Amino acid sequence: MTELFITGGIVYTPEGPRDVDIHITDGMITGVGAGRSIPAGAEVVDATGMYVLPGAVDVHVHGRDPGFPDKEDFGTLTDAAAAGGVTTVLDMPNTVPAVDSAGVLEAKAALAHSKARVDFGLWGLIRSSSTPDQLEAMAAAGAVGFKAYLGYAFNLSQKRVQYSPDLDDPDLEAPPDYGTLARLAPEVARLGVPLAIHAEDPTVLAAFRRPLLTYSDLLAARPPEAEAVAISAAAAIAKESGVRLHVAHLSSALGLSAAEDAIRNGAPLNLETCPQYLLLTDADFERAGNAMKMLPPVRYASDRAALVEGLARGVIKVVATDHAPHTDNEKSNTFEDALPGSPGVQTLYLSCLDLAKKLGDVWLAPRWVSEGPADAAGLQESKGTIAPGFDADLVIVDPNRKTQARSDHMRSRQRHAALEGMEFGFGIEDVYLRGESVLSNGRVRGRMVRPALVAR
Ligand SMILES: [Zn+2]
């Protein structure tokens with residue numbers, strides 16, 4: 001039996017921040033309280049002056065493994081996650097081969113398990129051709145939920161999801177449409193896992209297609225109407241089927257407004273946004289360059305303000321990263337050719353702590369990156385909370401040390417991120433995965449998380 005005792009810190013508990021000690025036995029939290037006596041033989045961690053927070057659950061990462069290990073793999077992904085206080089990552093299914101069956105999911109899980117340094121979960125993919133039986137088999141194999149890329153086509157020759165809605169190319173399979181969602185949503189609801197959408201309506205995208213020579217072209221080609229229309233349509237399907245609809249990377253004021261209308265109307269939506277949409281505007285492109293090319297795009301100051309306000313009001317409950325690295329070559333092309341996406345998992349916690357502090361309540365940050373995401377992903381019984389019975393996934397944060405996002409500190413393969421150069425008023429001192437320090441112990445191995453399924 002290994003015992004760990006963390007004392008002296010300000011601990012974020014379900015009741016709020018408290019001066020309490022944490023007792024950990026064999027990787028699980030067994031006691032939280034003030035004035036507890038140190039168990040015999042326990043390793044004692046003095047966290048005086050520090051915050052002790054639940055490890056983050058990043059529900060939206062692209063680990064690129066298998067398929068594109070030159071962009072990232074489960075080792076580099078989870079190394080970056082661990083360094084940033086993210087102790088669980090949920091990996092998206094657009095790897096190669098695409099995760100559209102239980103067999104592919106199981107093979108990916110084995111690969112991830114051989115490299116992961118933090119816990120991980122896997123999303124399954126919804127294609128136009130997906131069947132309820134395939135979804136049920138993936139859920140039984142441990143899928144945390146299913147993702148439908150509404151604005152994206154599948155390249156069958158490379159078995160990858162790509163952002164062009166250009167269906168003149170015979171190698172492209174059309175993105176799943178609302179009919180596919182309506183057909184499969186009842187099964188996803190029955191399985192008890194979330195249905196996540198990349199919310200961009202393909203017909204709106206098709207109407208605004210143009211060469212992407214400049215950042216303004218990108219904004220014009222991916223208008224907020226595409227996001228809002230997709231959210232409204234999918235919300236109707238969610239309301240009718242009862243499926244928990246997870247709206248990925250909300251990026252616009254119009255999209256937020258469509259989502260809020262749907263929620264008021266009784267649709268079970270869960271909203272996610274990302275640090276880049278909360279911290280950046282189109283004006284940052286001059287500084288960040290191609291690292292800021294992503295989909296949906298970072299928009300205007302009015303969009304950022306609406307999203308920050310939605311988060312502060314608690315309408316948006318999840319901040320995830322859409323961590324999506326590419327090789328330096330793929331990002332240093334011309335703007336037109338640069339692939340969309342930026343790494344972000346390593347700065348998730350620090351950027352959210354900084355934003356929460358600016359909003360006047362630093363303790364909002366663990367709600368956005370730990371509690372909210374654990375709930376959204378069905379992991380609320382083991383992750384995201386510091387309380388007895390939960391995994392001892394903990395982050396020790398120094399509230400008086402600054403950290404700058406710097407490419408030479410990044411552990412992802414793509415080092416230059418959209419947030420490059422930003423300074424956050426916190427420092428990550430140590431990170432524990434199930435009671436073991438992942439910063440000082442390279443031998444800690446991540447495990448696959450499985451949601452608590454409600455079906456049958
Ligand atoms: Zn994504």
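Keep in mind it's a predicted model, so treat the numbers as computed, not measured. (Residues numbered from 1 in each chain as written. Predicted model: local features only at pLDDT ≥ 70, side-chain atom pairs only at ≥ 80, totals over all residues. Heavy atoms only, no water.)

Enquirer: Can you tell me about the sheet that holds strand β9 (residues 86-91), naming the residues and giving the values?
Expert: Read from one edge to the other, the open sheet built from eight strands follows the order β8-β9-β10-β11-β15-β16-β17-β18, with strand pairing classed as parallel. The open sheet has two free edges, formed respectively by β8 (56-61) and β18 (318-319), since each of these has just one partner strand. Bridge count for strand β11 (residues 145-149) against strand β15 (residues 195-198) is four bridges, and the pairing is parallel. In the sheet register, Tyr 149 faces β15, and the bridge partner there is His 198. The sheet contacts of helix α14 (residues 364-376) involve β8, β16 (245-247), β17 (269-273) and β18, and relative to β8 the element is tilted by about 65 degrees. (Pairing = 2+ DSSP bridges. Helix = DSSP H or I, 4+ residues; strand = E, 2+ residues; numbered from the N terminus. Contact = heavy atoms within 4.5 Å. Axes fitted to C-alpha atoms, helices over the stretch in contact; angles between N-to-C directions.)

Enquirer: I'd like to hear about the sheet that holds strand β4 (residues 21-25), residue by residue, with values.
Expert: Here four strands make up an open sheet; going across it, the order is β5-β4-β1-β6 and the pairing mixed. With one partner strand each, in any of the chains shown, β5 (28-33) and β6 (43-46) form the two edges of the open sheet. Sheet twist, expressed as the average angle between the axes of neighbouring strands with direction ignored, equals 20 degrees. Of the strand pairs in this sheet, strand β1 (residues 3-7) and β4 are connected by four bridges, and their pairing is antiparallel.

Enquirer: An account of the domain arrangement of the chain is requested, with residue identities and associated values reported.
Expert: Its domain assignment divides the chain into domain 1 (3-51 + 392-437) and domain 2 (55-376). Taking only C-alpha atoms, the centre of domain 1 and the centre of domain 2 are 27 Å apart. Taken together, the contact between domain 1 and domain 2 spans 34 residues of the former and 49 residues of the latter. Summing both partners gives a buried area of about 3200 Å² for domain 1 against domain 2, and 63% of it is carried by carbon and sulfur. Summed over the three residues of domain 1 that lose the most area to domain 2, namely Tyr 12, Arg 413 and Gln 414, the buried surface amounts to 24% of that side. Our count for the contact surface shared by domain 1 and domain 2 stands at three salt bridges. Across the salt bridge formed by Arg 413 and Asp 73, the nearest N and O atoms sit 3.4 Å from each other. Secondary-structure elements contributing two or more residues to the side of domain 1 that touches domain 2 are β2 (10-13), β19 (394-398), β21 (423-424) and β22 (427-433). Ranked by the residues each element gives to the side of domain 1 that touches domain 2, the list is headed by β22, at five residues. For the side of domain 1 that touches domain 2, the per-class residue count stands at 20 nonpolar, seven polar and seven charged. (Domains from an automatic or database assignment. Buried area = accessible area lost by both parts, 1.4 Å probe. Salt bridge = Lys/Arg side-chain N within 4 Å of Asp/Glu carboxyl O. Nonpolar A, V, L, I, M, F, W, Y, C, P; charged D, E, K, R; others polar.)

Enquirer: For the coordination of the zinc ion, give the residues involved together with the corresponding values.
Expert: Within the protein, the zinc ion binds to His 60 (NE2), His 62 (NE2) and Asp 322 (OD); these donor distances fall in the range 2.1 Å. For the zinc ion, all donor residues lie on one chain, and their spacing in sequence is H-x1-H-x259-D. Residue His 60 is found in strand β8, and its partner Asp 322 is found in the loop between β18 and α12 (328-331); the two are separated by 262 residues along the sequence. Under the relative-accessibility criterion, Asp 322 is labelled buried at 11%. (Donors = N, O, S within 2.8 Å, 3.2 Å for Na, K, Ca; no water. Buried < 20%, exposed > 50% of the residue type's maximum accessible area, 1.4 Å probe, protein only.)

Enquirer: Before we move on, could you go through helix α13 (residues 348-358) and cite the residues and values that matter?
Expert: Of all eleven residues that make up α13, nine are buried, and the element is covered over most of its length. Count one or two residues on from α13 and you reach Gly 360, which has phi positive near 95 degrees.

Enquirer: Account for the pairing of β15, with residues named and values stated.
Expert: In β15, alternate side chains face the same way, and those of Leu 195 and Ile 197 on one face and Ala 196 and His 198 on the other are all buried. As defined by bridge partners, β15 adjoins β16 across three bridges and the pair is classed as parallel. Within β16, the residue paired with Ile 197 across the bridge is Val 247.

Enquirer: Explain the nonpolar core to me, and be specific about the residues and the numbers.
Expert: One finds Val 89, Phe 146, Leu 195, Leu 269, Leu 271 and Trp 368 to be the most contacted residues of the largest nonpolar core, which totals 129 residues. Summarising the domain contributions, this core has at least three residues from each of domain 1 (3-51 + 392-437) and domain 2 (55-376). Leaving out residues up to four positions away in the same chain, Val 89 has contacts with Asp 58, Val 61, Leu 77, Thr 78, Ala 81, Val 118, Asp 119, Phe 120, Gly 121 and Val 345. (Core = buried A, V, L, I, M, F, W, Y, C linked by side-chain atoms within 4.5 Å.)

Enquirer: Account for the environment of Asp 284, naming residues and giving values.
Expert: One can find Asp 284 in the loop between α9 (275-279) and α10 (285-288). On the accessibility criterion, Asp 284 (18% relative accessible area) is buried.

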